[in-house]
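Listed below are the residues making up each chain.
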Amino acid sequence: MNRRIILLTATVLAVTGCFFMQGCIQQHAPAFPEIASIQADTTVLLKPEVETSPDCRISIDFMYLKPASPTDSVSEAVNRIFYETVSEKTAGAGSLTPEAFVNSMKEGYIDGYRKNLQKFYDADLHNGVKQEDIPAWYNNEYEITSTLEMGRDSVWNYQVSIFEDTGGAHPNTRGKWVNIDAATGKLLTRKDVFLPNTDQAICEMILKQLLNEANKRLETDTISSIEGLRSVGALLEGDLFVPDNFKLGKDGVTFLYNRYDIAPYTMGDFQLIVPYAEIENCLLKK
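Residues numbered from 1 in each chain as written. Predicted model: local features only at pLDDT ≥ 70, side-chain atom pairs only at ≥ 80, totals over all residues. Heavy atoms only, no water.

(A) Just the nonpolar core, in detail. By size, the foremost hydrophobic cluster in this structure holds 38 residues, and its most contacted members are Ile-60, Phe-62, Phe-82, Val-86, Phe-101, Ile-144 and Tyr-158. Contributing elements (two or more residues each) for this core: strand S1 (34-45), strand S2 (55-66), helix H2 (73-86), helix H3 (98-126), strand S3 (140-150), strand S4 (155-165) and strand S5 (172-181). A per-element tally of this core places H3 first, with 8 residues. Ignoring any residue separated from it by four or fewer positions in sequence, one finds Phe-62 in contact with Ala-36, Ser-37, Ile-38, Phe-82, Tyr-83, Val-86, Pro-98, Phe-101, Val-102, Ser-146 and Tyr-158. Ranked by size, the runner-up nonpolar core spans 33 residues in total, among them Leu-207, Leu-210, Val-242 and Cys-282. (Core = buried A, V, L, I, M, F, W, Y, C linked by side-chain atoms within 4.5 Å. Buried < 20%, exposed > 50% of the residue type's maximum accessible area, 1.4 Å probe, protein only. Helix = DSSP H or I, 4+ residues; strand = E, 2+ residues; numbered from the N terminus. Contact = heavy atoms within 4.5 Å.)

(B) Up close: the pattern of salt bridges. Tallied over the full model, the rule gives 17 salt bridges. One salt bridge connects Asp-111 with Lys-115, and the closest N-O pair in it is separated by 3.4 Å. With Asp-111 and Lys-115 both in helix H3 and 4 residues apart, the pair spans about one turn of that helix. Among the residues examined, Asp-111 registers a relative accessible area of 40% and is labelled partly exposed. The exposure class of Lys-115 is exposed, given its relative accessible area of 59%. We note a salt bridge from Glu-149 to Lys-247, for which the minimum N-O separation is 3.7 Å. Within this pair, whereas Glu-149 is found in strand S3, its partner Lys-247 is found in strand S6 (residues 246-248), the two being separated by 98 residues in sequence. A residue is classified by how much of its surface remains accessible, and Glu-149, at 36% relative accessible area, is partly exposed. (Salt bridge = Lys/Arg side-chain N within 4 Å of Asp/Glu carboxyl O.)

(C) Expanded view of the side chain of Thr-254. Tracing the backbone through its elements, the reader meets Thr-254 in strand S7 (residues 252-257). Excluding its chain neighbours within four sequence positions, the residues that come into contact with Thr-254 are Trp-177, Asn-245, Phe-246, Lys-247, Gln-271, Leu-272 and Ile-273.

Below, the structure is given as C-alpha cells:
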C-alpha cells in the first residue's frame, strides 16, 4: 500500500511539474513582431488659396513591423530597410517612427508637387489662360502600396508598388521587392542568395516562364524563342538578365521585371516564378 501511495504521489508531482514547465516555457517563449500598416490619403490643391486650382492626390499604405519588445533591434533594422525600399529620400529617416516616416513622405510629395508646377501655373494665370483651359497634366497622383509576408526559411518578403501620374504620356507603375533575414535583419541581395556563375542557368529557367507568359498575354502559342519575343517587341534593348527584384516565396523564386525592363509599356510588367524544384541547385544554402 505504501509503495502504491509513493508511486501515485510521484506521478502527481511529475504531472504537476510538467504543467509548471509548460507554463514557464510559454511564458518565456520569444515574442514575435507584429505586422502593422499605416494609411495616409489626402488631396491637396496646387495653390491652396485658389479653390479651382489643379490638385494632387496622394495615397500611401505602408506596412512595417511593430517591435516585439523595447529591445527588439532586429525589427527596427528591418523597418529601416522598408523606409529605403519605399522612398529614395531617406536621409535621416532611420530615426523616425513609422508614423513620422509616412507623414514625411506625404509632405515630400506635396512639397515637390507645388515646387515643380506652381510657377508654371502662375505663369498661365498671368498670361490670361482661363481656368477651364488649364492643361490636365497639372493634376498629379501618387499611390504607394506595400505587402509584407513571410517567405521561405524565415525570410521577410517586402513588395512595394509605386503608381505615378505626373502629366506624362501615360501614368507609370514600378515595383521594388526586397528579402530580409527575419533572424538578423540583414538585406539579402542576389549575391547572398544565388551561387556564383549561375546567371545563365537562371536566365534559361526564367526564359521558359517568360515564353509561357508572353504566349498567354498575346493569346498565341507561336512564341518559342528569344527571336520570337523580339518579334513582338520584347528584349529589344538587350538580353534577358537576373533582376535585383526577386522574392523568395513559399513555392519558388519570383522575378519581377518592371515596365520597360524587358518589354514595352503596353505589355506591362512580368512576375515570373521558377519553382524551387528547378532552381534549388542555383541557390546558396543557409
